[in-house]
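Results of the structural survey
Spelled out from the first residue to the last, the chains are:
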Amino acid sequence: MSNGTVFDVAIIGAGAAGMMCAAVAGQRGRKVVLIDHATKLAEKIRISGGGRCNFTNLGTTYQQFISSNVRFCRSALSAYTPQDFLALLAKYKIAWHEKHKGQLFCDHSSEDIIHVLRTECDLGKVAWRMGCTVNEIQRPEEQSFVLHTSAGTLRAAKLVVATGGMAIPQLGASDYGMKIARQFGLKVVEPRPALVPLTFDADTWRRFSTLAGVSLEAVVATGSGKKKPQFHEDLLFTHRGLSGPAILQISSYWEPGSPIMLDLQPEQDLESALIEKKSGSRQQLLTVLGNMWPKRLAECWLENLGIAHDTRLADMPDKKIRELATLIHDWQLIPTGTAGYKKAEVMKGGVDTAELDQKTMESKKLPGLYFIGEVVDVTGWLGGYNFQWAWASGVACGQVL
C-alpha cells in the first residue's frame, strides 16, 4: 500500500464541523484526509441564511441548546466562542452584520464562509476526497481504522464522523453518521426533524388555509409547567399549517399529540383594550381587529367565530369580548405532525452525549473514534447557534487529534 493512503486522521463529512476540525488538526501537523460523498462542497452552508449564512449568534450559551444532557455542550462552547470565529473572519477581511437577537450574517455571501474554511484546510495541507463514498469501515484489533471507499482503501489512526443530520435530504443528508455509531456499539437518541414547520389535518386547517402567506408577531409555547419553552417571534400561516421563526423554534420542543399555545396579540391586554374602546365607539369589530392584525386574519377569525363582519364593537356584550380576547391570547392547537426532514433546518437527537467525552468528542468506548456537529445529540435554537456548535465541537476535537 502506498503512503498516500495512510493518514493520521480521516474525517467523514466536509461540512461546517468537518472542515473546521480538519483545518485545526491539519495546522497542528496532523496528516488529515477529509471525505465527502458530495461533489460540491458545503451545500448546507451555501444555502443557509438565504445565501448569507447566519454563521453564529453573539448570545450563545449552552442554554440555547436541546439535548438529553444539555450541559454536555458547555465545555466546547466556552472554549470556542462567537468572538473566536469573528477573529477568524477578520483574518480574511470578511464583512458581516448583525440582525436582531445577536444573529450574524455575511454582508456578501455564504461563499465567504466556505472560502475561509477551505483555505484554512489548505493551510493545514488537508487531503480532499470529494464525490467519494465510504462503503465500509473496519477496525482490526487495536489497529488503524480501515475505510473502503470509492476512491480506494484508506487507513487512519483516528476517525472523526462529521456527517451531519438527516435534515434536507435533497442535499444528500442521511443517517450515515448514526449508522457508524451503531456499528461501533454507541447509543443513539432517536432522531426527528427540528426547526421545522408544523402541520395540521386537512379538516382542521381548511378554515385557515386562505391565510397562507399572512404573518404576524406571536408568542408560541408548548408543554406544561412554569418553565415551559416559549418564543416571541414572527408566525407565518401556510397552506398546510404554521411556520415562521416562532414555529420553527417551538417545533424543537413539541411532542407529538401535545398542543401548542399561541398568543396572537402578545403586546396588549386585549380584553381591557376592547372594553375600553367599546364605550362611545361606532367602529366595527372588524375594523378594530384589522388595525392590530393583517386584515385577512381579522376577517377569517370573525368568520370562524360566526361573527358578522359588520358587527359593531359597541354591540358586543362584555362576556363575548372576554371570550374573544381569551381565544386570541391563548389559541390552542394540536399539530398532527411536522413538514419533515425536507423542510427541517436541523435534526434533533443523534449520537448520545453519554457516549462521548465533552471536552474532546471522543467515544468513551472506542478510543480514536470521534463525533462532532449535528450528528451528536445537541440541537441549537434558530439563529446561528447550530453553526456555533459546529465550529466549537470541530475545534474541540481538532485540538486533540
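Not measured: the values here are computed from a predicted model.

1. Description of the environment of Ala392
Its place among the elements puts Ala392 in helix 13 (residues 385-398). By relative accessible area, which is 1% here, Ala392 ends up buried. Sequence separation between Ala392 and Gly373 is 19 residues; the distance between their C-alpha atoms is 8.5 Å. The contact partners of Ala392, leaving out residues within four places of it in the chain, are Ala76, Leu77 and Tyr80.

2. Remarks on the sheet that holds strand 6 (residues 103-106)
Overall, antiparallel pairing links the three strands, which are arranged 3-6-5 in an open sheet. Two strands close off the open sheet at either side, each with one partner strand: strand 3 (54-57) and strand 5 (96-98). With direction set aside, neighbouring strand axes in the sheet form an average angle of 30 degrees. Across three bridges, strand 3 lies against strand 6 in antiparallel orientation. In the sheet register, Asn57 faces strand 6, and the bridge partner there is Gln103. Helix-sheet contacts for helix 4 (residues 82-91) involve strand 3, strand 5 and strand 6, and the interaxial angle to strand 3 is about 140 degrees.

3. Details of the pairing of strand 6
Of the two faces of strand 6, the one holding Gln103 and Phe105 and the one holding Leu104 and Cys106 are both buried throughout. Of the pairings in the sheet, the one linking strand 5 to strand 6 comprises three bridges and is antiparallel in character. Following the sheet pairing, Trp96 is matched in strand 6 by Cys106. From the end of strand 5 to the start of strand 6, which pair antiparallel, there are four residues, and Lys101 there has a positive phi angle of about 60 degrees.

4. Re the packing of aromatic side chains
Scanning the model with the defined rule gives 16 aromatic pairs in all. Residues Trp205 and Phe237 carry aromatic rings whose centres are separated by 6.1 Å and whose planes lie at 20 degrees to one another, so their mutual orientation is stacked. Taken together, the residues Trp205 in helix 7 (residues 202-205) and Phe237 in strand 14 (residues 230-237) connect sequence positions 32 residues apart. According to the relative accessible area criterion, Trp205 is buried, its value standing at 2%. Under the relative-accessibility criterion, Phe237 is labelled buried at 1%. One aromatic cluster is present, built from ring pairs that chain together Phe200, Trp205, Phe208, Phe237, Trp293, Trp301 and Trp331. Directly above the aromatic system of Phe105 lies the positively charged group of Lys99, at a separation of 4.5 Å from the ring centroid. Sitting above the plane of the Phe145 ring, Arg139 keeps its charged end 4.8 Å from the centroid.

5. Observations concerning unusual backbone geometry
A positive phi angle, near 60 degrees, is found at Lys101, a position not held by glycine. Tracing the sequence through the fold places Lys101 in the loop between strand 5 and strand 6. Assessed through its relative accessible area of 48%, Lys101 is described here as partly exposed. You will see that Lys125, though not glycine, has its phi angle at about 55 degrees, which is positive. One can find Lys125 in the loop between helix 5 (111-123) and strand 7 (127-130).

Cut-offs and rules
- Residues numbered from 1 in each chain as written.
- Predicted model: local features only at pLDDT ≥ 70, side-chain atom pairs only at ≥ 80, totals over all residues.
- Heavy atoms only, no water.
- Helix = DSSP H or I, 4+ residues; strand = E, 2+ residues; numbered from the N terminus.
- Buried < 20%, exposed > 50% of the residue type's maximum accessible area, 1.4 Å probe, protein only.
- Contact = heavy atoms within 4.5 Å.
- Pairing = 2+ DSSP bridges.
- Axes fitted to C-alpha atoms, helices over the stretch in contact; angles between N-to-C directions.
- Phe/Tyr/Trp six-rings, centres within 6.5 Å; stacked < 30°, edge-to-face > 60°.
- Lys NZ or Arg CZ within 6 Å of the ring centre and 35° of its normal.

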